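If you want the building blocks of each chain, they are given just below.
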Amino acid sequence: MGPLSRETWAQRLAAFRASPSAFMAGPEGEDLGRDLLSELRSDKLSEQTKVSLLALSLEYPAQLWPDATAAEAAATSLLDTLVLLPPRPSALRRPLLLAATTALVAGDALGPTSEASRRLLPLLLGLASGRDLGRGFGPASEQRPLQATACECLRELESCKPGLLGGCLGLLRGLLGQEGPVQPLSLLLALALRNTLVIQARARARAGLQGLLMAGDTPSGGDPWNWALAEEGDARLQPQAPSWPAAEEECGLAVLEPTPEEARELRAAVAQLLDTSYLLTPVAQAQLLWLLGWALRGLRGQTPVLFKPQLVRLLGTAQLTLLHAVLALKAAFGEALFTAQDEALLLRRLTVAAQHPALPLPAHLFHLHCLLSFPENWPLGPTGEEAAPLLLGPRLCRGLLPSLLHDPMALLARLHLLCLLCAEDEEKEEKGQDWSPRHYLEELLAGLRQRAALDGGPRASATLCFQASYLVVQCLATQPTVLTPLTHGLARLYRARPVLAPHFVDLLDRVGPELGEPLRVALRQEVVSRPGRDEALRWHLQILAEVADGNAQSATLGFLGAAAAHCTDWGLQQALLRVCRALLRAGVGGGLADLLQALARQWEDPDGRDHARLYYILLAHLAGPKLGVALGPSPAAPALASSLVAENQGFAAVLMVQEAPAPIRLSVGPHRAAGPGPVLQLHVEVLEPAYSLELRFRVEGQVYAPLGAVHVPCLCPGRPCRPLLLPLQPRRPAPTRLDVRALYTTPTGLTCHAHLPPLPVNFADLFLPFPQAPEGDKLGFFEELWDSCLPKGAESRLWCPLGPQGLEALVSRHLEPFVVVAQPPTSYHIAIRLPPDSRLLLRLEAAQEDGVPVALRTDDWAVLPLAGDYLRGLSAAV
Amino acid sequence: MAQRAVWLISREPGTPFCSTVRFSRRYPTVEKRAKVFNGASYVPIPEDGPFLKALLFELRLLDDDEDFIESRDSCSHINKTSVYGLLIGGGELWPVVAFLKNNMIYACVPLVEQTLSPHPPLISISGISQGFELLFGVQDFLSLSQKNDTELNTKLNQLPDLLLQACPFGTLLDANLQNSLDSINFASVTHSQKQPAWKVGTYKGKPQVSISITEKVKSMQYDKQDIADTWQVVGTVTCKCDLEGIMPNVTISLSLPTNGSPLQDILVHPCVTSLDSAILTSSSIDAMDDSAFSGPYKFPLTPPLESFNLCYYTSQVPVPPILGFYQMKEEEIQVKITVNLKLHESVKNNFEFCEAHIPFYNRGPITHVEYKVSFGQLEVFREKSSLVWIIGQKFPKSMEINLSGTVTFGAKSHEKQSFDEICIGGTAYLKLHFRILDYTLTGCYADQHSVQVFASGKPKISTHRKLISSDYYIWNSKAPAPVTYGSLLLVRCHN
């Protein structure tokens, strides 16, 4: 793009400023950074236009040169432009220095390897030292402002890379003592000193503080830049003025124990800075005090008396920053710098400043805040909470109390103070005293309510009234003498202006039960005692939906019944239904059912009618707790503002069964061979509480009769549950798998459905013993069974391998209940009943070392392969 | 201590949201630090458009007052300082220092050097007071001798250059922007080593010192048994010292006549080098007694080049300069009023002007007035529904004047008549406006001998005094009136 005219640039800059992101996304965005740099060297543009280009680069370097490489290139280009300026006065030198500094810092390009940094830093230090840098750096008249600007650039670099100037402390001190500009050098030295102290304290290493402070005018050989120190500092940026509570832990300067020589040198440096501080502008003086205060705080061997001579001068001024800086010193040093009398004086000055007619409102409010957060020498209350300082008695506060004539913010701030006074005054209060703070508070609140009650008044005055009420409740929740008139007053306000219902609902949602409960009662009373057909019906219903509960049922239902006829539009019907919902939740029964039925008949709007019917059905069919959950806040969509959507989602969640991953583990316990039919012993474990658990089983292949469900009322993780017994009714004696589903309720009230892993039923699980054989003729009994199997059944012989433990152990472990005749350790006759009506007979005889021959008979040929598999698997199962 | 960004927004009817961003300045190097310090709670500085909208919403300056909006109107959303949190892009931009003054919104965002959640107390954030001072400085600069929009625009156009000077990297160097403007122009002056940063050059010319004392008197008068009247004097002493030398030392003393009222709550300019402890501790908080310090009040100082406010003070004079009562009774569409004003004998009866403004709020336009005045003349502003009683330069010999009459109102039209939240029903006031030249109510004065100058040449010293009314209200004694705690307390003390 060719050179642009001044007008074109003005338009371009305006378009960019209107929305930088939109501009950069547009066609011109990409070239802007490059164009800007090249135009700075154009002869066609005026200096003023170039300054405005540089101003843009000072504000938006990240947009113009988005990465470190681009930033480095931009800084290089800016420095080149600076060097190439003709040696006459120019308005560009200062902004070029600022722009190069900004580009390097904002683009993360500042560092020991950056060429531009290596050019900029010596240049800045040279300028700051007032050294003659040659004709290229402007005429003598410009040296002084450039020197100041270079100091500012160095200060910004030190702020962003703490420790960078750690090696220049001596140089800076020297300059300050000579002819350098006082303010920029003082601030730069104070910052560099502070950063060095903090970093050294953190690293617990001291590179000769005295050496640093004493070093000559010119850094001795090599780089003065302490990149190493800066790298340490870089790990965590240094708050120049740490916030107070944080500073308690963070500063940790106490570990730095300077030697006496170092301490003396340090003190001399600080005294030097403080002595000339009156030459600084008030805001700069304040910065200096914050920096030095926190630099010396806790440093062993350093008393803060150095600051004392400055204090009286500072306390007399009307400057916000200076008073604030004194408070910072107060917080940093406490009693070491401020005696009790000093503290009292400071409080008085603060009290004066918080109400002085010559100061603007924002200053009053800030001073008032400082008063309530005053860093006391010996604070009594918990830290971090606003409280009236001990020395701030009612007398001092008198001028700080609120009146209706105050601006809302001032009124709230002063009201807070008044509340704190009332809280303190609680015990002391004398009876019959006309104008105690509490009485005044009451009058004030009444005045605010009166204002809020004005028809057509602005919302701001209503908001103010409710904010004040809220503040009072926050501070004085334990004082019935305050809350009772407040409750009544608010109820009267509602009577006067029901349109404020949203404010009431908001207030009820936020205050504790101290005001909430009586106010609910009062508001309900206020609403239900009306005929229920005035134009404020919408607001009455909104209030009722908030306050309706199990109390005063008949009056509430009476009001709703009367109101129903006037709810002709959808909105009102929904509002009324919301009240019904609240009542349903509160467990109101009989009368409500009648009302809902009446609504379902009476209303024409199908939506209202359906909802009424739905509520009626819910009321009729759901038990109390479930109803509460169904109508409670929806777990599925808690953030949705629309109650209707939330309601529908809530219903869907609560009334539908949720598919869920199973938090239940089911396993089959040891086999019980007893009773008339086979029974599975099930063990259940849960990972989270489950209520009303129902386990449903389906038999694969229908080899058994359908199984009944098993119910467990409540299961908790870690609490053992007694085994569940599941009777099986086989249609064929065959193993199978049971498909298991669980249905249960979660602690949040949702009903969930889960599919559990299938449960295997083994062949052996079906084994049952025969009824007791006649004593004495067991063998005969067995032989009878043996013979009866044929010819209908089948016979087989097979080899059952034995493990090392031998036959006896195998039988006792697996077949004990079914043994009819036993001749241990070599021979066993075993009879097994297989429901529904099969039998399996085994003869285990003449066991050998590694196995036993088994003769088996069954009356059901289909059992044969199963029995074979079973017997062969026995030894492996041991 | 640094600021992340600064804005100036003017309120202009006819523009979107009735507001325009007139100036904004961002500080990317500070933003870089904010990102590190604030960590997870960091919210970037938004572009001007979203910022404007969020700020106007928070300041209640968008015209959408109709509905209750929780994020603005909730009772727990309490702001007790001019520091706000703005909801922008799902995050909260905090702390935003902002205030509206003379149709201009001044705003900035100070750097907080720690995490923002939870919000640290404002008192612990050094950038808050620095931010206020920056905004006050800009406000002073814009309002200084500004007469019309053209001048305002000129000044707004100077702002980018001035802030480049006074706040190049977001850390404020000088809140006095006029000073920065001068320093641009004074660039060629060679500086000596002890040149203060708040004084950009030296004065060359005839030495002269000018001191003017302006007292404003305010009052709330009720004419009721159970509520005490209150009044207070607020003084401002303005100086301009045209003296040669870099750091001329000057001592200015304020004196009181024997029966003068002691000065209290004295706040001084930072150029005052030391303060007597009696000056520092003399305060309106304490009960008045004869032992109160009554001067002379000495202020040693090294003056800046420009005109500056040497000090502010308050004082409790024994009687209000004009004591009066106002009785108003409503009778259907008309009201009957009676006003009585009495000038105290000790007060100089020579006004530049003196008027009593009697507004009628929340009523229709005035259709008819019948009245009788013992002195001066009455002007009727029908559409504004107010009366102005022009008393003139002098009270009559009796020092006492009366007005009585009946005012009839037309139907109220909501568009035209302004709504007042306080003056409902019988609650009403009249407000006195007056000015007396070469006079102070406290008696405070500075004469030629009270100025000591330690510099070459004897300066010409000029002094000026004036008394102005400010918030001088007389409430209708026939109806409730807003009171302050002091009014109630005083009655209790007296009874």
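Please read all numbers here as calculations on a predicted model, not as lab measurements.

Conventions we followed
Residues numbered from 1 in each chain as written. Chains lettered and ligands numbered in written order. Predicted model: local features only at pLDDT ≥ 70, side-chain atom pairs only at ≥ 80, totals over all residues. Heavy atoms only, no water. pLDDT = per-residue confidence, 0-100. Contact = heavy atoms within 4.5 Å. Axes fitted to C-alpha atoms, helices over the stretch in contact; angles between N-to-C directions. Helix = DSSP H or I, 4+ residues; strand = E, 2+ residues; numbered from the N terminus. Parallel < 35°, antiparallel > 145°, perpendicular 65-115°, else oblique. Left-handed = near helix turned anticlockwise from the far one by under 90°. Nonpolar A, V, L, I, M, F, W, Y, C, P; charged D, E, K, R; others polar. Disulfide = S-S within 2.5 Å. Buried < 20%, exposed > 50% of the residue type's maximum accessible area, 1.4 Å probe, protein only. UniProt positions renumbered as here; feature names shortened; annotations may be inferred. Patch = residues over 30% accessible without salt bridge, like charges linked within 9 Å, V, L, I, M, F, W, Y side chains within 5 Å. Areas by Shrake-Rupley, 256 points an atom, 1.4 Å probe, with all protein chains shown as cover. Salt bridge = Lys/Arg side-chain N within 4 Å of Asp/Glu carboxyl O. 1 Å grid on protein atoms, 1.4 Å probe; cavity = no way out; pocket = protein on both sides within 12 Å on 5 of 7 lines; lining within 4 Å. Points joined across faces, edges and corners; volume = space filled by probe spheres on them.

## Some details on the confidence of the model for chain A
Residue and element names in this part refer to chain A. In the predicted model, chain A carries a mean pLDDT of 83, and the fraction of residues at 70 or more is 86%. Taken as a whole, residues 245-251 scores under 50 in pLDDT and shows eight contacts with residues more than four places along the chain or in a different chain. For the stretch residues 634-646, pLDDT sits under 50, and the model shows 13 contacts to residues farther than four places along the chain or on other chains.

## Structural notes on the packing of helix α6 (residues 68-84) of chain A against helix α8 (residues 115-128) of chain A
Axis angle and axis distance: for two packed helices, these are the angle between their axes and the distance between the axes, and together they describe the pair. Residues and elements named next belong to chain A. Contact geometry for α6 and α8: axes closest at 8 Å, N-to-C directions at 40°. In terms of axis orientation, α6 runs oblique to α8. Remark: the crossing between α6 and α8 carries left-handed chirality. Each of Glu72, Ala75, Thr76, Leu79, Asp80, Leu82 and Val83 in α6 lies in contact with α8, whose residues at this interface are Glu115, Ala116, Arg119, Leu120 and Leu123. Classifying every residue of the contact of α6 with α8 by side-chain character gives seven nonpolar, one polar and four charged.

## Points about the state of the cysteines
Tallied over the full model, the rule gives zero disulfides over all chains. In this model Cys168 of chain A remains outside any disulfide bridge; the closest cysteine sulfur is found in Cys151 of chain A, 11 Å from its own. In this structure Cys241 of chain B is a free cysteine whose sulfur lies 5.4 Å from that of Cys239 of chain B, the closest cysteine sulfur available. Taking the relative accessible area as the measure of exposure, Cys241 of chain B reaches 3% and is therefore buried.

## Examining unusual backbone geometry
Residues and elements named next belong to chain B. With an omega of -5°, the peptide bond between Trp94 and Pro95 qualifies as cis. As for its position among the elements, Pro95 is in strand β4 (residues 91-101). Note that the residue after Ser117, namely Pro118, is joined by a cis bond; omega there is 0°. For Met399, which is not glycine, the phi dihedral falls at a positive 70°. By secondary structure assignment, the location of Met399 is in the loop between β17 (386-390) and β18 (400-409). In this model, Asp438 sits at a positive phi of 50°, which is unusual for a non-glycine residue. Structurally, the position occupied by Asp438 is in the loop between β19 (429-437) and β20 (451-454).

## Section: the UniProt feature "domain: AP5B1 C-terminal" (unreviewed entry) in chain A
Here, the residues flagged by UniProt with the feature "domain: AP5B1 C-terminal" (unreviewed entry) are residues 781-873 of chain A. Annotated as 30% helix and 39% strand, the span residues 781-873 of chain A places its first and last C-alpha atoms 28 Å apart.

## Examining a nonpolar patch on the surface
On the surface, Leu380, Leu390 and Leu391 of chain A cluster together into a nonpolar patch covering about 340 Å² of accessible area. For Leu380 of chain A, the location among the structural elements is in the loop between α20 (361-372) and α21 (394-397).

## Re the pattern of salt bridges
Residue and element names in this part refer to chain A. If you walk through the whole model with that rule in mind, you get 39 salt bridges over all chains. A salt bridge links Arg118 to Glu115, with the nearest nitrogen and oxygen atoms 3.4 Å apart. Here Arg118 pairs with Glu115, and both are found in helix α8, just three residues apart, close to one helical turn. Of the charged contacts, one joins Glu546 and Arg520 as a salt bridge, the two residues approaching to 3.7 Å between their closest N and O atoms. Taken together, the residues span a long stretch of sequence, with Glu546 in helix α28 (residues 537-547) and Arg520 in helix α27 (residues 513-528) at a distance of 26 residues.

## A few points about empty space enclosed by the protein
Empty space among the atoms becomes visible once a probe the size of a water molecule is rolled across them. Residue and element names in this part refer to chain B. Applying the stated criterion across every chain yields a total of six cavities of 30 Å³ or more. Size it by volume and the second largest cavity reaches roughly 60 Å³. As for the second largest cavity, its lining consists of Met328, Pro359, Phe360, Tyr361, Arg363, Cys423, Gly425, Thr427, Ala428 and Tyr429. Per-class residue counts for the lining of the second largest cavity are seven nonpolar, two polar and one charged.

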